[in-house]
Amino acid sequence: MTFPRIAILVGTRGRGSNMRALAEACSSGRLAAQIGLVIGPRADAPALEVARELGLDAHVQDFAAEDAGASLVAALHRARCRLLCLAGFMRLLPAEVLETFPGRVLNIHPALLPKFGGKGMYGRHVHEAVLAAGEIESGCSVHLVTPVYDEGEVVHQLRCPVLRGDTPDTLAGRVLALEHQAYAEAVAKVLEELDGD
Ligand code: GRF
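All of these numbers come straight from a predicted model, not from anything done at the bench.

1. As for the packing of helix α1 (residues 17-28) against helix α6 (residues 168-195)
As a packed pair, α1 and α6 sit with axes 9 Å apart at the nearest point and diverge in direction by 50°. On the basis of their axis angle, the class for α1 and α6 is oblique. Both α1 and α6 take part in a crossing whose hand is right-handed. Contact residues: Ser-17, Asn-18, Ala-21, Leu-22 and Ala-25 in α1; Leu-176, Glu-179, His-180, Tyr-183, Ala-184 and Val-187 in α6.

Next comes the structure, spelled out in structure tokens:
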């Protein structure tokens, strides 16, 4: 049986934990998909190291290059990937990629969108803002990627409480555990919807 292939786009500094969680969901059979390709912006990106350790096909894509969009699209087609999952990738994607894969590019965000999203809302800043706002719950969101940061349709969310005495780090840890579960669930949901097309 051939499973649909997905690609993962990691960032320069990310740990690659969401990529690992997706890879483990595929290899354990919890997610009926396979990782066709992992792409990162620099050869020394820690998440690409993790990808190589996991035996995944890891590619470097220079996003400063003029043809970055075209070459990413070509790589996704070559690897026959149906879906692109952003995991720690902080920039806006070249328009060409979103036009070629409408409704097929996902991102994970460590808060309950539409709250606490947008430019500058990443990593620790998100959890600091959640605590400063006195929220009683937080969580993570998997959403479709559009040309505007964190604005696409939310596909899946998981929630957790904000506890008294939480610091940005303790809250981030609780949310990250949810992210690892939510991303595989969201990918399964989107692949199922694409199958119905
Ligand atoms: C995650 O918190 C994710 O929500 C955000 O970037 C972080 C990436 O972490 N988009 P990792 O590299 O997957 O561990």
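Structure's up, so let's keep going.
2. Considerations on helix α5 (residues 124-132)
Looking only at α5, the buried set comprises Val-126, His-127, Ala-129 and Val-130. Looking straight down α5, one finds that the buried residues subtend no more than 160° of arc, so they occupy a single side. In the core, the buried residues of α5 are packed alongside β5 (105-109), β6 (137-144) and α6. Immediately downstream of α5, the backbone of Gly-134 shows phi near 70°, a positive value.

3. Let's talk about the packing of α5 against α6
Two measures define how a pair of helices packs: the angle their axes make with one another and the distance between the axes. Following both chains from N to C, one finds α5 and α6 inclined at 110°, their axes separated by 9 Å at the closest point. In terms of orientation, α5 and α6 fall into the roughly perpendicular class. Here Arg-124, His-127, Glu-128, Val-130 and Leu-131 of α5 lie close against α6, whose contacting residues are Pro-168, Asp-169, Leu-171, Ala-172 and Val-175. Residue composition of the contact of α5 with α6, by class: six nonpolar, one polar and three charged.

About the thresholds
- Residues numbered from 1 in each chain as written.
- Predicted model: local features only at pLDDT ≥ 70, side-chain atom pairs only at ≥ 80, totals over all residues.
- Heavy atoms only, no water.
- Axes fitted to C-alpha atoms, helices over the stretch in contact; angles between N-to-C directions.
- Helix = DSSP H or I, 4+ residues; strand = E, 2+ residues; numbered from the N terminus.
- Parallel < 35°, antiparallel > 145°, perpendicular 65-115°, else oblique.
- Left-handed = near helix turned anticlockwise from the far one by under 90°.
- Contact = heavy atoms within 4.5 Å.
- Buried < 20%, exposed > 50% of the residue type's maximum accessible area, 1.4 Å probe, protein only.
- Arc of directions from axis to C-beta.
- Nonpolar A, V, L, I, M, F, W, Y, C, P; charged D, E, K, R; others polar.

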